[in-house]
Structure formats: structure tokens, C-alpha cells
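Structural description and commentary
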Amino acid sequence: MSFVKKDNQMYFNPMRRAILNHGMIQAGDKVAIGMSGGKDSTTLFYLLDTIRKQKRLGFDFEIQPITLDMGFPNVDLTPMKDFVENLGYELEVVPTTIAKVVFDVREERSPCSLCAKLRRGILYRKAAELGCNKVALGHHVDDAIETYFMNFLFHGKLASFEPVSYLTKTGVTLIRPLLYLTEKDVIRYAKRENLPVIFNPCPADKKTKREEMKHFVSQIATSYPDVRERFIMGMEQGTEDDFWQKSLMNRK
């Protein structure tokens, strides 16, 4: 691992702050990391491993990397396995038939929702089976903003995902330690460290509403460069759950 002077400022301090601010990890936790093979989850694993080994949280915890074999042909997971093993871990590979179910059986025209639901269910159950009480996903602040606008534009909801969510069905807690990092931060770090990225064979890749929101947020950030910082500030300050409901009730 290379280290430059600004790494603490750009990567480790924001990640440590997100973890401590939201109580994502405590001493003795066993944290499963859902590794898709993409830049986000691989960067999450690499940074969290460093934080653990250098005891930057002031206590120790365990890490268990998990990846799902989606059932797409000609996907080589060897680079991910070697990367994980070189850092002292064993990658848990879970075989699935998700690709067949989504594209062949169900023939979904908008496959992302079903695919995500199936992936999450399998990941959370496997994490629980392996004795993990936390599951870490590689969502950064750009993902949070995109989710907010997707909820607003398509469902009329003013909400994004939570930094920490307890999952009652499996008894594990979902955490997002990259929450204070931007996608550009992650891309920059993954390229610099030459982290392995597995090609995504999904036929819907780059053709989703999520991709539209990504471009939308980029356009906003061009005019308002601090939109990501403002978003985090607004979400953490909190708002009224019912917004206009009180004023409407007062008129009756």
C-alpha cells in the first residue's frame, strides 16, 4: 500500500469520522464486506483493512469479505480472491442463480430492483451464517444523493438510505463506512493503488435510472460544487418527517 501526505485528510479521517459519528463499528464486531468486484466495495475493503490493522478506531474488530457469484458466464474472480488473500483473508464466494432468475426466468425489463433485492437477501443471510453482526457496503455520498433524487423524482419521497440500518429478518446491521467520501475520491484511490476491478457483465449496466441520476448529480455539482457537503449537513441535521402535515392540520 502506498501512502501520500493527504491520505489521512482525504480518505482515512472522513471514513473514521463516519464510522464514529454514526456508531457503525464497535469493539469485537465481525464485519462482512459485500464485495461486488467494483471499485467501491474493493476500495472499502482496502481502506477498512488498513483502519483495522493500524487500530485507527482505538479497538479491534474482524473483517469477512463476501462476494456473490451471480451466475454470469466467463466471470473470473481470481484477481479478487488473490487480492483478498494477499491481505490475509479468505474470500467467501456464494454461488447463486440470480442472473438466470432475473433475465431468463422473469425476463425483467427493469431488472435492477429485483436483482438488488435478491443480492441483498443472499448476502445478509450468508453474513449471519458466518457469525457476522455487521454488513458493510461500499456506498459513498454520491450514491446517497442519487438515491435521494430517485426517491423524490420517481416516488415523491424525500429520503435516502440510512448510514446504519438494523435488519430484523437476519439480525445483522447494515453500515456504509464510505459515506463521507465522494465517487471521485474512490476512483482516484482505486486507480492509484491499482486495485483489482472485475468487469461487470450485466446487460443492464450503465443503462439504468441510477445512471441517469449520476449524470444529474454531476450537472448540479458543476453549478454548486459543495452540493455533497451540503447534502450530508442537511441529512445529519434532520428534518420534520411530515413536513407540511402540521400546517394542514392546523387549518382544519
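In the block above lies the structure referred to throughout.
Everything numeric in this text was worked out from a predicted model, so none of it was measured.

1. Considering a nonpolar patch on the surface
On the surface, Phe152, Leu153, Phe154 and Leu158 cluster together into a nonpolar patch covering about 370 Å² of accessible area. Tracing the backbone through its elements, the reader meets Leu158 in the loop between helix H6 (141–155) and strand S5 (164–167). Classification of Leu158 as partly exposed rests on a relative accessible area of 42%.

2. With respect to the pattern of salt bridges
Where charged atoms from two side chains of opposite charge approach closely, those side chains can pair. Considering all chains together, one arrives at 15 salt bridges under this definition. For the salt bridge of Asp40 with Lys39, the shortest nitrogen-to-oxygen distance reads 3.3 Å. Accessibility expressed as a relative area gives 17% for Asp40, which makes it buried. Its salt-bridge partner being Glu146, residue Lys214 comes within 3.5 Å of it at the nearest N-O pair. Of this pair, Lys214 sits in helix H8 (residues 209–223) while Glu146 sits in helix H6; the two residues are 68 residues apart in sequence, bridging distant segments of the chain.

3. A look at the nonpolar core
Counting 48 residues, the largest nonpolar core has Met15, Ile25, Ile33, Phe45, Leu47, Leu48 and Phe61 as its most contacted members. Listed by contribution, the elements that provide at least two residues to this core are helix H1 (7–21), strand S1 (30–34), helix H2 (39–53), helix H3 (78–86), H6, helix H7 (183–192), H8 and helix H9 (227–237). A total of six residues in this core trace back to one element, the largest contributor, which is H2. Ignoring anything within four residues of it in the chain, the contact list for Ile33 reads Ser41, Leu44, Phe45, Leu48, Ile63, Gln64, Pro65, Ile66 and Ala136. Residues Ala99, Leu114, Tyr124 and Leu167 belong to the second largest nonpolar core, which totals 22 residues.

4. Some thoughts on the packing of H2 against H7
For the pair H2 and H7, interaxial distance at closest approach is 10 Å and the crossing angle is 70°. Between H2 and H7, the interaxial angle falls into the category roughly perpendicular. Residues Lys39, Asp40, Thr43, Tyr46 and Leu47 of H2 form the contact with H7, whose participating residues are Glu183, Val186, Ile187, Tyr189 and Ala190.

5. Things to note about the packing of aromatic side chains
Counted under the stated rule, the structure contains eight aromatic pairs. Taking 6.2 Å as the distance between ring centres and 50° as the angle between the ring planes, the aromatic pair formed by Tyr46 and Tyr189 counts as tilted. Note that Tyr46 is positioned in helix H2 and Tyr189 in helix H7, a separation of 143 residues in sequence. Tyr46 sits in the buried class, given a relative accessible area of 8%. The class of Tyr189 is buried, set by a relative accessible area of 0%. Put simply, the rings of Tyr11, Phe45, Tyr46, Phe83, Tyr89 and Tyr189 pair up and form one aromatic cluster. Sitting above the plane of the Phe12 ring, Arg56 keeps its charged end 4.3 Å from the centroid. Its end group placed over the ring of Phe161, Arg176 keeps NZ or CZ at 4.0 Å from the ring centre.

6. Some details on helix H5 (residues 112–129)
For H5, built from 18 residues, the straight-helix expectation of 26 Å at 1.5 Å per residue is met to within 8% by its first-to-last C-alpha distance of 26 Å. Those residues of H5 that sit buried are Leu114, Cys115, Ala116, Gly121, Ile122, Leu123, Tyr124, Lys126 and Ala127. Just downstream of H5, Gly131 is the residue with a positive phi angle, here 85°.

The rules behind each value
Residues numbered from 1 in each chain as written. Predicted model: local features only at pLDDT ≥ 70, side-chain atom pairs only at ≥ 80, totals over all residues. Heavy atoms only, no water. Patch = residues over 30% accessible without salt bridge, like charges linked within 9 Å, V, L, I, M, F, W, Y side chains within 5 Å. Areas by Shrake-Rupley, 256 points an atom, 1.4 Å probe, with all protein chains shown as cover. Salt bridge = Lys/Arg side-chain N within 4 Å of Asp/Glu carboxyl O. Helix = DSSP H or I, 4+ residues; strand = E, 2+ residues; numbered from the N terminus. Buried < 20%, exposed > 50% of the residue type's maximum accessible area, 1.4 Å probe, protein only. Core = buried A, V, L, I, M, F, W, Y, C linked by side-chain atoms within 4.5 Å. Contact = heavy atoms within 4.5 Å. Axes fitted to C-alpha atoms, helices over the stretch in contact; angles between N-to-C directions. Parallel < 35°, antiparallel > 145°, perpendicular 65-115°, else oblique. Phe/Tyr/Trp six-rings, centres within 6.5 Å; stacked < 30°, edge-to-face > 60°. Lys NZ or Arg CZ within 6 Å of the ring centre and 35° of its normal. Expected span 1.5 Å × (residues − 1).

Taken by themselves, the reported measurements are silent on function.
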